[in-house]
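# Remarks on the overall topology
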Amino acid sequence: MSIGPFSALRVDYEGEGLSEEGCPAAPWTLLQDWIGAAVARQQERGDVPEPLSMSVATSDPDGLPDVRTVLLRDLDLRGPAFYTSTTSAKGEQLAANPGMAVALTWPAMFRSVRMRGYAEALPRAQVEDYFRSRPWGARVGAHASAQSRPVPDRATLETAYRESAERFPDTGSPDDVPVPEGWGGYRLVADRVELWAGRRSRLHDRIVWERVGPGGLDEPAAWHRLRLQP
Ligand SMILES: Cc1cc2nc3c(=O)[nH]c(=O)nc-3n(C[C@H](O)[C@H](O)[C@H](O)COP(=O)(O)O)c2cc1C
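Quick caveat, the model's predicted, so the values are computed rather than measured.

### Points about the layout of surface pockets
- One number sums up the size of the largest pocket: a volume of about 470 Å³.
- Every residue lining the largest pocket is counted, 23 residues in all, and those nearest its centre are Tyr 83, Thr 84, Arg 134, Gln 147 and Trp 183.
- The set of elements that each furnish at least two residues to the lining of the largest pocket consists of strand S2 (65–71), strand S4 (80–85) and helix H4 (136–144).
- Broken down by element, the residue count for the lining of the largest pocket peaks at four residues, all from S4.
- Looking at side-chain class alone, the lining of the largest pocket contains 10 nonpolar, eight polar and five charged residues.
- If you list the elements that add at least two residues to the lining of the second largest pocket, you get strand S1 (53–59), strand S5 (99–106), strand S6 (111–121) and strand S7 (183–197).
- Among the residues making up the lining of the second largest pocket, the classes are represented as five nonpolar, five polar and three charged.

If you want it as structure tokens, here you go:
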């Protein structure tokens, strides 16, 4: 049984594309522009839902890849960061092998960004600041869920949530729920950045920045820029 072929769903991509002239020697400004444009487009036209959703790929100890979606919560000159459970499947995989890749895709804009590099755990102070900014329900939920572990049924999860809610009642203060053990985040320290722009007849533009030296995403001397065939 199969539900394909989906060939009738073919569409041509009609993005603006990417020219060498439009690409700086370091990827930072363009990366910022693209992420900002996706967020703005969602606010203005509503056709880029969850513009900060980011696929995160890791590998298990056998080298088998794994991938899931998280929310991009911070981007600095090293790379993108997200928050999660450090004892989750991804957390355990990153502890054994910090190699990581991410992708953000905005089909309505015919754009995608890929980055590869190594994960670093976020500093505790940053994790605590972010946790305090979350709504009470999400903070309580973090205590109720041992992410990636089996649970017998939905009712068990909801009971755990109710127990956490009783333990840490909503007082309106960002400090009413402590940061759970094993809750944290990671930053991808990028060694490779690709901006992909979909164009007609599958003749897409792919501009890649490969790390050739130390420095942030804004440091021209740290990057070698090249074009890949689509
Ligand atoms: C749009 C979207 C956003 C998500 N954001 C996060 C996130 O920021 N952090 C997180 O831990 N999980 C997030 N999740 C859930 C993850 O995809 C995943 O189920 C969870 O992190 C467990 O992954 P793991 O078992 O591979 O560690 C999100 C899922 C979706 C679909």
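### With respect to helix H1 (residues 28–45)
- Counted at 1.5 Å a residue, the expected span for H1 with its 18 residues is 26 Å, and the 25 Å between its end C-alpha atoms agrees.
- Every buried residue of H1 is listed here: Trp 28, Leu 30, Leu 31, Trp 34, Ile 35, Ala 38 and Arg 41.
- For H1, the secondary structure elements touched by its buried residues are strand S3 (74–75), S5, S6, S7 and strand S8 (205–211).

### Details of the site of the ligand
- Around the ligand, a shell composed of Arg 68, Thr 69, Val 70, Leu 71, Tyr 83, Thr 84, Ser 88, Ala 89, Lys 90, Gln 147 and Ser 148 is seen.
- Here an oxygen atom of the ligand and a side-chain polar atom of Thr 84 are 2.6 Å apart.
- Note that an oxygen atom of the ligand is positioned 2.6 Å from one of the side-chain N or O atoms of Ser 148.
- Within the complex, the protein chains bury 63% of what would otherwise be the 610 Å² of accessible surface of the ligand.
- Mapped onto the shell around the ligand, the elements with two or more residues apiece are S2, S4 and helix H2 (89–96).
- When grouped by side-chain class, the residues that make up the shell around the ligand number four nonpolar, five polar and two charged.

### Some thoughts on the packing of aromatic side chains
- Enumeration over the complete set of coordinates arrives at seven aromatic pairs.
- Arranged with centres 3.9 Å apart and planes meeting at 10°, the rings of Tyr 83 and Tyr 130 form a pair that is stacked. Placement of Tyr 83 in strand S4 and of Tyr 130 in helix H3 (residues 124–133) is noted, with a sequence separation of 47 residues between them. There is no split in this pair, since Tyr 83 and Tyr 130 are both buried.
- Ring geometry for Tyr 83 and Trp 183: centres 5.9 Å apart, planes at 5°, overall stacked. In this pair, Tyr 83 sits in strand S4 while Trp 183 sits in strand S7, placing the two residues 100 residues apart along the sequence.

### What about the UniProt feature "domain: Pyridoxine 5'-phosphate oxidase dimerisation C-terminal" (unreviewed entry) in the chain?
- Per the UniProt record, "domain: Pyridoxine 5'-phosphate oxidase dimerisation C-terminal" (unreviewed entry) is annotated on residues 183–230.
- Along residues 183–230 the backbone is 0% helical and 58% strand, and the end-to-end C-alpha distance reaches 39 Å.

### Examining the side chain of Arg 111
- Mapped onto the fold, Arg 111 is located in strand S6.
- Relative accessible area serves as the criterion here: at 15%, Arg 111 is assigned to the buried category.
- Residues contacting Arg 111, with those up to four places away along its chain left out, are Glu 16, Trp 34, Ala 37, Leu 104, Thr 105, Trp 106 and Trp 196.

Cut-offs applied
- Residues numbered from 1 in each chain as written.
- Predicted model: local features only at pLDDT ≥ 70, side-chain atom pairs only at ≥ 80, totals over all residues.
- Heavy atoms only, no water.
- 1 Å grid on protein atoms, 1.4 Å probe; cavity = no way out; pocket = protein on both sides within 12 Å on 5 of 7 lines; lining within 4 Å.
- Points joined across faces, edges and corners; volume = space filled by probe spheres on them.
- Helix = DSSP H or I, 4+ residues; strand = E, 2+ residues; numbered from the N terminus.
- Nonpolar A, V, L, I, M, F, W, Y, C, P; charged D, E, K, R; others polar.
- Expected span 1.5 Å × (residues − 1).
- Buried < 20%, exposed > 50% of the residue type's maximum accessible area, 1.4 Å probe, protein only.
- Contact = heavy atoms within 4.5 Å.
- Near = heavy atom within 4 Å.
- Polar contact = N/O pair within 3.5 Å; in protein donor to acceptor, adjacent residues only side chain to side chain.
- Areas by Shrake-Rupley, 256 points an atom, 1.4 Å probe, with all protein chains shown as cover.
- Phe/Tyr/Trp six-rings, centres within 6.5 Å; stacked < 30°, edge-to-face > 60°.
- UniProt positions renumbered as here; feature names shortened; annotations may be inferred.

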